Amino acid sequence: MRGTTALPGTPCVTPRKGQPPVHRLEVRLPDDVPFAVGTFDTIGPMSRADFPHRHTFYEIVHVTRGSGTHVVDLARWELRPPHLGLILPGQLHHWEDVRELDGSVVLFTPEFLVDHPGDQELLRRIGERPWLRLDPAAHARTARLIAELAEEYRHGDTGFATVLRSLLHVLLVRTARLGGPAGPAAGQEPPPGRYAAVAEAFTRLLARTAADGAAGGPRSVRECAERIGVTPGYLTEAVRAALGRTPGSLLREARTREAQRLLARTELSVRQVAVRTGFDDPAYFCRFFRRETGMSPGDFRKHHDRRAPSIEAEAGRA
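Residues numbered from 1 in each chain as written. Predicted model: local features only at pLDDT ≥ 70, side-chain atom pairs only at ≥ 80, totals over all residues. Heavy atoms only, no water.

**Focus on a positive patch on the surface**
Part 1 of the reasoning: On the surface, Arg141, Arg144, Arg174 and Arg177 cluster together into a positively charged patch.
Part 2 of the reasoning: Elements with a minimum of two residues in the positive patch: α3 (136-155) and α4 (160-178).
Part 3 of the reasoning: Mapped onto the elements of the fold, Arg144 is located in helix α3.
Part 4 of the reasoning: We classify Arg144 as exposed; its relative accessible area is 52%. (Patch = residues over 30% accessible without salt bridge, like charges linked within 9 Å, V, L, I, M, F, W, Y side chains within 5 Å. Areas by Shrake-Rupley, 256 points an atom, 1.4 Å probe, with all protein chains shown as cover. Salt bridge = Lys/Arg side-chain N within 4 Å of Asp/Glu carboxyl O. Lys, Arg positive; Asp, Glu negative; His and termini not counted. Charge placed at Lys NZ, Arg CZ, Asp CG, Glu CD. Helix = DSSP H or I, 4+ residues; strand = E, 2+ residues; numbered from the N terminus. Buried < 20%, exposed > 50% of the residue type's maximum accessible area, 1.4 Å probe, protein only.)

The structure is reproduced here in structure tokens:
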């Protein structure tokens, strides 16, 4: 778990100048599980942080009360509880003007999901629609399941880590259902086991890169394949079979998303953003960014700042 968890009191790594802080998941003991669950109060004040920051872990929030706005990357969500939300490793998020925020928080690292490898794919799909309004029945089911997680975590009886992973798996499956079908598309066969494992490794690599910042991450499909230990051709076959996308398109999407985060939520110059996202040539970065988004980095920054209206507020005026 090196680089993803820390004992209480361990100083956080100071981010490079102009970059948002990175929060790690504290564990109670050196050999403890990289998992935590509790209320906003018991998790601590950082669970309500009002400044942009990123995590090395996943965070699920079940908001039961409160007003204000939750900002994740470029999306702003007005609080109208009950909500269920997911923050992925590497995403920038913070809370704005919140009052009486209450609910539960579930924290876990990518490495915690060892019993159910398919959970990484579930998390990716949930991340495409990461903020959900809950009807009364879904709200009640979610509250009961998180209460079970909290009880198991609190008591820590024999085998509790396995139980936590099983309950978390159920929570992810049910959350994915709320956002639409969680399984393969109709008529599509699940990918072979080896393909699924390679695609899982690729997804984890992108998640770790996002959590640490993209500068030190892989820049090409070949580099991704080398890190995973397969050929570029096999990586492409596996990822296309498991995820329906090519690794090249997912890699470009990840680098573009990181550039958008830094442009919208930091004061870094365009040249600095280029370096932070792994581009040695700022001019090439600008061409890449325009090709992927249809806008120059400067124009994107002008149109996406933290003062933009919330998604739900805009929908209400439509």
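**Describing the nonpolar core**
Part 1 of the reasoning: With 46 residues, the main nonpolar core has Phe35, Ile60, Phe108 and Leu168 as its most contacted residues.
Part 2 of the reasoning: Looking at this core, the elements with two or more residues in it are β4 (35-39), β6 (58-72), β7 (75-78), β8 (83-87), β9 (93-108), α2 (119-127), α3 and α4.
Part 3 of the reasoning: With residues up to four places along the chain from it excluded, the contact list for Leu168 reads Phe35, Ile60, Val106, Phe108, Phe112, Leu113 and Leu149.
Part 4 of the reasoning: Val198, Phe202, Ala225 and Leu243 belong to the second largest nonpolar core, which has 16 residues in total. (Core = buried A, V, L, I, M, F, W, Y, C linked by side-chain atoms within 4.5 Å. Contact = heavy atoms within 4.5 Å.)

**As for helix α7 (residues 232-243)**
Part 1 of the reasoning: Look at α7: 16 Å from first C-alpha to last across twelve residues, which is about the 16 Å you get at 1.5 Å a residue.
Part 2 of the reasoning: Within the span of α7, buried status applies to Leu235, Ala238, Val239, Ala242 and Leu243. Angular distribution of buried residues about the axis of α7 spans 95°; they occupy a single face of the element.
Part 3 of the reasoning: After α7 finishes, the residue Gly244 shows a positive phi value of roughly 75°. (Expected span 1.5 Å × (residues − 1). Arc of directions from axis to C-beta.)

**Describing the pattern of salt bridges**
Charged atoms that come close allow side chains of opposite charge to pair.
Part 1 of the reasoning: With the rule as written, the count across this model stands at 13 salt bridges.
Part 2 of the reasoning: The partner of Glu78 in a salt bridge is Arg80, and the shortest N-O contact between them spans 3.4 Å.
Part 3 of the reasoning: The partly exposed category is assigned to Arg80, whose relative accessible area is 37%.
Part 4 of the reasoning: Several salt bridges share partner residues, and in doing so they unite Arg54, Asp73, Glu258 and Arg261 into one network.

**Brief notes about the pairing of β4**
Part 1 of the reasoning: Here β4 lies mainly inside the structure; four of its five residues are buried.
Part 2 of the reasoning: Both β4 and β9 contribute to a ladder of five bridges, which runs antiparallel. Across the sheet, residue Ala36 finds its bridge partner in β9, namely Leu107. (Pairing = 2+ DSSP bridges.)

**Observations concerning the environment of Ala210**
Part 1 of the reasoning: Note on placement: Ala210 falls in helix α5 (residues 193-212).
Part 2 of the reasoning: Since its relative accessible area comes to 18%, Ala210 is described here as buried.
Part 3 of the reasoning: Each C-alpha atom, one on Ala210 and one on Gly90, is 4.3 Å from the other, the two residues being 120 residues apart in sequence.

**Details of the packing of α3 against α4**
Part 1 of the reasoning: Closest axis-to-axis distance for the α3/α4 pair is 9 Å, and the angle between their directions is 165°. The orientation of α3 relative to α4 falls into the category roughly antiparallel. Considering how the two elements wind past one another, α3 and α4 form a crossing that is left-handed. Residues Ala138, Thr142, Leu145, Ile146, Glu148, Leu149, Glu152 and Tyr153 of α3 lie in contact with α4, whose contacting residues are Phe160, Val163, Leu164, Leu167, Leu168, Val170, Leu171, Arg174 and Leu178.
Part 2 of the reasoning: For the contact of α3 with α4, a count of residues per class yields 13 nonpolar, one polar and three charged. (Axes fitted to C-alpha atoms, helices over the stretch in contact; angles between N-to-C directions. Parallel < 35°, antiparallel > 145°, perpendicular 65-115°, else oblique. Left-handed = near helix turned anticlockwise from the far one by under 90°. Nonpolar A, V, L, I, M, F, W, Y, C, P; charged D, E, K, R; others polar.)

**Some thoughts on the side chain of His93**
Part 1 of the reasoning: Inspection of the secondary structure assignment puts His93 in strand β9.
Part 2 of the reasoning: The buried category is assigned to His93, whose relative accessible area is 1%.
Part 3 of the reasoning: Within the structure, the side chain of His93 is placed 3.4 Å from the side chain of His55, a separation counted as a polar contact.
Part 4 of the reasoning: Sequence-distant contacts of His93, that is, excluding residues within four places in its chain, are made with Phe51, Pro52, His53, His55, Glu59, His70, Val71, Val72 and Ile87. (Polar contact = N/O pair within 3.5 Å; in protein donor to acceptor, adjacent residues only side chain to side chain.)

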